[in-house]
Amino acid sequence: MWGGHFADGPAPLMEQINASIGFDKRLYAHDLAGSRAHARMLAAVGLLEARERDAILAGLDAIEAKIEVGEFDFSPSLEDIHMNIEARLTEAIGEPGRKLHTARSRNDQIATDFRLWLRDVIDGVDGLLQDLQRILLSRAEAHHDWVMPGFTHLQAAQPVVFGHHLMAYVEMFGRDRGRFADARKRLNESPLGAAALAGTSFPIDRTATAEALGFDRPMANSIDAVSDRDFALEFLAGASITAIHLSRLAEELVLWSTPQFGFVKMSEAFSSGSSIMPQKRNPDAAELLRGKTGRIVGSLNGLLMTLKGLPLAYSKDMQEDKEPVFDAADNLRLCLAAGTAMIETMTVNREAMRLAAGIGYTTATDLADWMVRALGMPFREAHAATGRAVKLAEELRLDLPELSLDQLKSVDERITADVFDVLTVDRSVASRTSFGGTAPSCVLDAVAHAKTRYL
């Protein structure tokens, strides 16, 4: 590989630390695609004869066929996917194989392969996110009027409907899709032809190879082309935020599936038992989904640390960019599929949610709002009066709707019997008709609108 400059081969330990074929072989299809585009361009500008181009293309096809049936021998001594393919090509077709590397370097090759691979991953992740949104939308529509407690500080706050709660995740995953789309747009420039770092003196056509590979344009600066890994960081940042959203959803599934909540029952397909406690039904899939968040965020932090001190252009440290991205992509796709399946197969307990919705004086804000509307009180005065009503109910061990009119009048004598029209959880959620609110009618509107935006 090193021509005539090196007399001796690498030490076994050097070979071990230097080789990347163990993980970058998954880029084989993208490496072959880049080589095909490069060969066709070289022929078009007169740097290869047509017969040489055809021999190279046929040889690359044969290599791909062997890889796909598991008959290709990946050699650690050849370091990486590029040299493994080039060596096999040269062995098979002779001199034309040696000409393929004209006007390119492994530096621009790997940058191109990595972008092509990650572009495909982002497209797949977008599809998985859309699948998750589709299931959430279906369940939100089915449960658009199922009352449950809404929480702040994990304390009962106000009644909401289950469909409204699920729609929050639809919006979160929609933003995730937007982040990946933005990252995809920025990564879709071609490094191919930047060579090692300075470009090349050969009369190549970088626009042609960019177009052949589906890129929007060639990258404008050859140094940036081989040293940039922003696209990998952006993917990992998007993956980390998505993982956090998945983790929050998983945490709620874990809480909701406890006997103390009893809001949902996870499918047996995504639960496990205990080796000692026969009654247990553990939400292990949700817990594992929650646990993988740290792994994905760790990949982002690891690559940030790898890149932070590197001078331009390429350094061998950048070989460490692929493993964290591969690991994060694998785990993100697994978590998205598992999250979708768990939401689709869980059973929701309407009565348990409804019962919990009324615990904790969750219609107190409705009482304060009624005082503002019906009695013309400033909200702060109404807030204080409602606080006194809650304190009275706590002392009597009653819920707000269970207080008598006389008891409520002891808080403020202007209160009338009309107040009881707003103190039930159903009236509470039905009244929240502001845009984006939890009223069942608003939830149905939100579902219909989200379907047009996301599906």
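In this report, the structure presented in the accompanying data block is examined.

1. Details of the pairing of strand 1 (residues 147-152)
Direction of pairing for strand 1 relative to strand 2 (residues 155-161): antiparallel, over a ladder of six bridges. Each residue of the ladder has a partner; that of Val147, found in strand 2, is Val161. Here strand 1 folds back onto strand 2, and the loop between the two strands holds two residues, one of which, His153, carries a positive phi near 60°.

2. Some words on the layout of surface pockets
The calculated volume of the second largest pocket comes to roughly 500 Å³. Lining the second largest pocket are 20 residues, with Gly150, Phe151, Thr152, His165 and Glu252 positioned closest to its centre. Of all the secondary-structure elements, those providing two or more residues to the lining of the second largest pocket are strand 1, strand 2, helix 8 (162-187) and helix 11 (230-256). No other element matches the five residues that helix 8 contributes to the lining of the second largest pocket. Looking at the lining of the second largest pocket residue by residue, the class counts come to nine nonpolar, seven polar and four charged.

3. Quick notes on the packing of helix 4 (residues 50-68) against helix 5 (residues 81-93)
When two helices pack together, their arrangement is given by the angle between their axes and by how far apart the axes lie. Running from amino to carboxyl end, helix 4 crosses helix 5 at an angle of 120°, the nearest separation of the two axes being 10 Å. By the angle between their directions, the pair helix 4 and helix 5 is classed as oblique. For the element pair helix 4 and helix 5, the recorded crossing hand is right-handed. Side by side, helix 4 and helix 5 meet where Ala55, Ile56, Gly59, Leu60, Ile63 and Lys66 of the first sit next to Ile85, Arg88, Leu89 and Ile93 of the second. Broken down by class, the residue content of the contact of helix 4 with helix 5 amounts to seven nonpolar, one polar and two charged.

4. Quick notes on the nonpolar core
Soluble globular proteins: nonpolar side chains tend toward being buried together. Counting residues in each nonpolar core, the largest one holds 74 residues, and the members touching the most others are Trp117, Phe162, Phe235 and Val325. With sequence-adjacent residues up to four places away left out, Phe235 is seen in contact with Leu118, Val121, Ile122, Phe180, Val325 and Ala329. Within the second largest apolar cluster, 21 residues are counted, among which are Leu367, Met371, Met377 and Leu408.

5. Some points on empty space enclosed by the protein
Enumeration over the complete set of coordinates arrives at two cavities of 30 Å³ or more. One number sums up the size of the largest cavity: a volume of about 40 Å³. Surrounding the largest cavity, Phe151, Leu154, Glu252, Leu255, Trp256 and Phe261 form its lining. Top element by residues in the lining of the largest cavity is helix 11. It accounts for three residues. Residues that form the lining of the largest cavity fall into these classes: five nonpolar, no polar and one charged. In this structure, the second largest cavity spans a volume of roughly 30 Å³. Every residue lining the second largest cavity is listed: Leu246, Leu249, Ala250, Leu253, Leu289, Gly339 and Met342.

6. Examining a nonpolar patch on the surface
A cluster of nonpolar residues, Leu197, Ile223 and Leu312, forms a patch on the protein surface that exposes about 280 Å² of accessible area. Of note, Leu197 is situated in the loop between strand 3 (189-190) and helix 9 (206-212). The exposure class assigned to Leu197 is partly exposed, which follows from its relative accessible area of 39%.

7. Overview of helix 4
Relative to the 27 Å expected for 19 residues at 1.5 Å per residue, helix 4 spans 27 Å between its end C-alpha atoms, a close match to the ideal helical length. Among the residues of helix 4, those classed as buried are Glu52, Ile56, Leu57, Gly59, Leu60, Ile63, Glu64 and Ile67. The buried residues of helix 4 occupy one face: seen down the axis, they fall within an arc of 165°. Of the exposed residues in helix 4, those oriented more than 90 degrees away from the buried face are Arg51 and Glu68. Where helix 4 is buried, its residues touch helix 3 (28-44), helix 5 and helix 6 (95-99). Of the residues one or two after helix 4, Gly70 is the one with positive phi, at around 75°.

8. Here we look at the pattern of salt bridges
One pass over the full model with this rule turns up 34 salt bridges. Put simply, Arg106 and Asp80 hold a salt bridge, and the shortest N to O gap is 2.7 Å. Of this pair, Arg106 sits in helix 7 (residues 106-142) while Asp80 sits in the loop between helix 4 and helix 5, placing them 26 residues apart in sequence. Residue Arg106 is classed as buried on the basis of its relative accessible area, which comes to 18%. Residue Asp80 is classed as buried on the basis of its relative accessible area of 6%. Arg333 serves as the salt-bridge partner of Asp330, at 2.8 Å between the closest nitrogen and oxygen. Taken together, the residues Asp330 and Arg333, both in helix 13 (residues 322-345) and three residues apart, mark about one turn of the helix. Residues participating in the shared-partner salt-bridge network are Glu79, Asp80, Arg106 and Lys316.

9. Details of the side chain of His82
Along the chain, His82 falls in helix 5. Classification of His82 by relative accessible area gives buried; the value is 4%. At a separation of 3.5 Å, a polar atom in the side chain of His82 contacts the side chain of Asp113.

10. Regarding unusual backbone geometry
That bond from Leu312 to Ala313 is cis: its omega, 10°, falls within 30 degrees of zero. Backbone geometry at Leu154 places phi at a positive 60°, although glycine is not the residue there. On the accessibility criterion, Leu154 (53% relative accessible area) is exposed.

Parameters and conventions
- Residues numbered from 1 in each chain as written.
- Predicted model: local features only at pLDDT ≥ 70, side-chain atom pairs only at ≥ 80, totals over all residues.
- Heavy atoms only, no water.
- Pairing = 2+ DSSP bridges.
- Helix = DSSP H or I, 4+ residues; strand = E, 2+ residues; numbered from the N terminus.
- 1 Å grid on protein atoms, 1.4 Å probe; cavity = no way out; pocket = protein on both sides within 12 Å on 5 of 7 lines; lining within 4 Å.
- Points joined across faces, edges and corners; volume = space filled by probe spheres on them.
- Nonpolar A, V, L, I, M, F, W, Y, C, P; charged D, E, K, R; others polar.
- Axes fitted to C-alpha atoms, helices over the stretch in contact; angles between N-to-C directions.
- Parallel < 35°, antiparallel > 145°, perpendicular 65-115°, else oblique.
- Left-handed = near helix turned anticlockwise from the far one by under 90°.
- Contact = heavy atoms within 4.5 Å.
- Core = buried A, V, L, I, M, F, W, Y, C linked by side-chain atoms within 4.5 Å.
- Buried < 20%, exposed > 50% of the residue type's maximum accessible area, 1.4 Å probe, protein only.
- Patch = residues over 30% accessible without salt bridge, like charges linked within 9 Å, V, L, I, M, F, W, Y side chains within 5 Å.
- Areas by Shrake-Rupley, 256 points an atom, 1.4 Å probe, with all protein chains shown as cover.
- Salt bridge = Lys/Arg side-chain N within 4 Å of Asp/Glu carboxyl O.
- Expected span 1.5 Å × (residues − 1).
- Arc of directions from axis to C-beta.
- Polar contact = N/O pair within 3.5 Å; in protein donor to acceptor, adjacent residues only side chain to side chain.

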